[in-house]
Amino acid sequence: DNNTHNIATMLAQKLARSLNTRSASSSWMRYLNSSCSNGSNATGSSIASKGVRSFSAKSSNWIPNCSMDTEIVHGGVVPDEKTGAILTPVYMSTTFVQESVDKYLEKGYSYSRTNNPTVKMLEEKVAKIENGYDAICVSTGMAATASCINAFMKTGDHCVITNCSYGGTNRICREQFVPLGMEFSFVDFTDPATVEAAIQPNTKLIFSESPTNPTLTLADLDAISEISKRHGLIHVCDSTFATPYICRPLDHGADLTIQSLTKYYDGLNIGTGGALIAKTPELYERIKLIQNMHGNIMSPMTAFLMLQTMKTMGLRVRQQSASAMKIATFLEGHPNVSKVVYPGLASHPQKELADRQHRDGLHGGMLWFDVKGDPIKLMDSIKRPWTLCENLGATESIITACAVMTHANMLREDRLNVGITDGFIRISVGIEDPEDLIRGLDDALGQL
């Protein structure tokens with residue numbers, strides 16, 4: 001009858017509005033602007049100046065202009081209003097009960113594929129630390145990369161991308177997106193003029209990585225962002241190696257930032273995750289829609305753990321940076337080492353840019369070197385506390401032979417062209433005593 005038809009029509013309209021429309025009165029925008037979302041405009045270079053809408057009226061008790069170290073610990077998280085719990089609860093719930101059809105999504109949640117309170121708190125905190133409007137948190141760093149390209153490119157579109165990136169980024173462009181009709185120009189991002197020269201009429205996206213994995217070359221983010229804006233393009237930067245503690249691409253004009261949360265955000269080899277942070281509401285709406293359609297989400301338990309582990313990121317990054325500088329200096333003087341690259345060394349070809357773009361003279365815990373002997377022998381003989389594995393950014397120091405491990409999926413010609421030789425050794429410095437780490441390297445190098 002007409003009554004049944006009217007009810008069905010009303011339900012369909014509400015569901016459509018909640019997922020597709022972008023008007024200020026829609027259920028979807030109620031979610032975006034609700035207490036589970038970051039409603040700031042992300043202006044200014046200071047996290048504290050953003051004016052992110054609080055989760056509690058009691059947030060006014062905070063002193064103004066807190067430092068990044070304080071924000072990394074607290075970052076908008078407030079005690080649970082019902083229990084006073086200092087940590088955000090783990091909401092292990094698939095669905096959320098609605099009070100009525102008319103109030104559908106009024107509380108911001110309906111189904112955990114779309115949003116979950118624990119995951120949303122992590123997204124809110126990541127966005128705040130990165131100085132963005134909002135963020136999506138997904139299952140891995142590669143999931144964040146895929147979400148970005150899926151969101152802003154289609155068949156026939158072109159992307160100017162760094163010729164040296166995480167191996168998985170290179171592979172997904174070649175193996176998945178090129179067969180779908182997308183085009184990629186892999187170019188040297190150390191010279192902004194080279195980036196601009198690669199732009200074509202069908203270019204939609206500029207994809208930088210700074211510092212690059214694993215060669216540690218830098219992109220001048222201000223210059224590349226200016227080029228991107230002049231041509232009406234979107235600039236995304238993978239800043240996993242830098243972390244927001246050292247460099248925030250959105251402060252340098254980028255439109256989006258990619259983070260592999262598995263690395264320095266987690267920092268303890270516990271979980272995997274990725275984030276895509278948007279500078280504007282429009283960009284956020286697009287990536288959120290892509291996330292919802294793809295079901296590319298993070299589990300509430302992982303989000304809860306990362307909310308805790310990221311609190312020590314500042315402490316870890318400072319220790320890792322200081323130790324990396326000591327180790328790089330040692331390696332530069334070793335007779336069995338032919339080359340060492342670390343942005344903090346005076347010998348780094350982009351030292352001026354590193355000092356200008358990196359915060360507080362910090363250059364991170366990543367460095368690489370090339371040995372004169374057999375790299376496999378070094379890898380097999382090195383002793384603990386060094387760990388032979390493929391992760392990075394953790395409290396444990398990790399050593400990796402990139403040619404046969406992390407970047408084995410790159411074409412050998414491409415790998416050699418960007419400087420990843422067969423003897424290329426990448427190390428991720430942890431928080432152990434740097435003298436112990438140096439003794440371990442010295443012992444292994446002495447056996448070559």
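Just above, that's the structure.
Everything numeric here is computed off the predicted structure, so don't read it as measured data. (Residues numbered from 1 in each chain as written. Predicted model: local features only at pLDDT ≥ 70, side-chain atom pairs only at ≥ 80, totals over all residues. Heavy atoms only, no water.)

Caption draft 1: Quick peek at the nonpolar core. Residues Leu122, Ile327, Leu331, Leu367, Phe369 and Ile427 are the most contacted members of the largest nonpolar core, which totals 81 residues. Beyond its immediate chain neighbours, meaning those up to four positions away, Ile327 contacts Leu367, Trp386, Ile427, Val429, Leu437, Ile438 and Leu441. Ranked by size, the runner-up nonpolar core spans 30 residues in total, among them Ile136, Ala144, Phe177 and Leu256. (Core = buried A, V, L, I, M, F, W, Y, C linked by side-chain atoms within 4.5 Å. Buried < 20%, exposed > 50% of the residue type's maximum accessible area, 1.4 Å probe, protein only. Contact = heavy atoms within 4.5 Å.)

Caption draft 2: Structural view of helix H13 (residues 313-332). Between its terminal C-alpha atoms H13 stretches 28 Å, which fits the 28 Å expected from 20 residues at 1.5 Å a residue. Those residues of H13 lying buried are Met313, Gly314, Arg316, Val317, Gln320, Ser321, Ser323, Ala324, Ile327, Ala328 and Leu331. (Helix = DSSP H or I, 4+ residues; strand = E, 2+ residues; numbered from the N terminus. Expected span 1.5 Å × (residues − 1).)

Caption draft 3: Region of interest: the packing of aromatic side chains. Counted by the stated rule, this structure contains four aromatic pairs. With centroids separated by 6.3 Å and ring planes inclined at 25°, the aromatic side chains of Phe184 and Phe186 adopt a geometry described as stacked. A relative accessible area of 30% means that Phe186 is categorised as partly exposed. Sitting above the plane of the Tyr245 ring, Arg359 keeps its charged end 4.6 Å from the centroid. (Phe/Tyr/Trp six-rings, centres within 6.5 Å; stacked < 30°, edge-to-face > 60°. Lys NZ or Arg CZ within 6 Å of the ring centre and 35° of its normal.)

Caption draft 4: Region of interest: the sheet that holds strand S10 (residues 387-388). Spatially, the five strands line up as an open sheet ordered S8-S9-S12-S11-S10, and their pairing is mixed. Of all the strands in the sheet, the pair left with one neighbour each is strand S8 (337-341) and S10. Bridging between S8 and strand S9 (residues 366-371) involves four bridges; their strand directions are antiparallel. Residue pairing for S9: Val341 is matched across the bridge by Trp368. Sheet strands in contact with helix H17 (residues 434-445) are S8, S9, strand S11 (398-401) and strand S12 (424-428), and its direction is about 15° off that of S9. (Pairing = 2+ DSSP bridges. Axes fitted to C-alpha atoms, helices over the stretch in contact; angles between N-to-C directions.)

Caption draft 5: Structural context of unusual backbone geometry. A cis amide bond links Asn213 to the next residue, Pro214, at an omega of 10°. Checked against the element boundaries, Pro214 lands in the loop between strand S4 (203-209) and helix H8 (221-230). Omega for the peptide link from Arg384 to Pro385 comes to 25°, which places this bond in the cis form. Structurally, the position occupied by Pro385 is in the loop between helix H15 (375-381) and S10. Look at Asn131: it is not a glycine, yet its phi comes out positive at around 65°. With respect to the secondary-structure elements, Asn131 resides in the loop between helix H4 (117-130) and strand S1 (134-138). Residue Asn131 is classed as buried on the basis of its relative accessible area of 3%. Positive phi is not limited to glycine here, since Thr243 has a value of about 65°. By relative accessible area, Thr243 is classed as buried at 2%.

Caption draft 6: Quick peek at helix H5 (residues 141-152). Its 12 residues give H5 an end-to-end C-alpha distance of 17 Å, which sits within 8% of 16 Å, the value for a rise of 1.5 Å per residue. Counting buried residues along H5, 10 of its 12 residues qualify, which places the element largely inside the surrounding structure. When we look at burial in H5, the residues that qualify are Gly141, Ala143, Ala144, Thr145, Ala146, Ser147, Cys148, Ile149, Ala151 and Phe152. Capping the start of H5, Thr140 holds a side-chain oxygen 3.4 Å from the backbone nitrogen of Met142, two or three residues further along. (Polar contact = N/O pair within 3.5 Å; in protein donor to acceptor, adjacent residues only side chain to side chain.)

Caption draft 7: Structural detail: the packing of H13 against H17. Orientation of H13 relative to H17, taken along the N-to-C sense of each, is 30°, at an axis distance of 10 Å. As summarised for this structure, H13 and H17 are arranged roughly parallel, according to the angle between their axes. At the point where H13 passes H17, the crossing takes the right-handed sense. Listed contacts from H17 to Gln319, Ser323, Lys326, Ile327, Phe330 and Leu331 of H13 are Pro434, Leu437, Ile438, Leu441, Asp442 and Leu445. (Parallel < 35°, antiparallel > 145°, perpendicular 65-115°, else oblique. Left-handed = near helix turned anticlockwise from the far one by under 90°.)

Caption draft 8: Region of the structure containing the environment of Leu416. Note that Leu416 resides in helix H16 (residues 412-417). Classification of Leu416 by relative accessible area gives partly exposed; the value is 34%. Each C-alpha atom, one on Leu416 and one on Ala403, is 9.2 Å from the other, the two residues being 13 residues apart in sequence.

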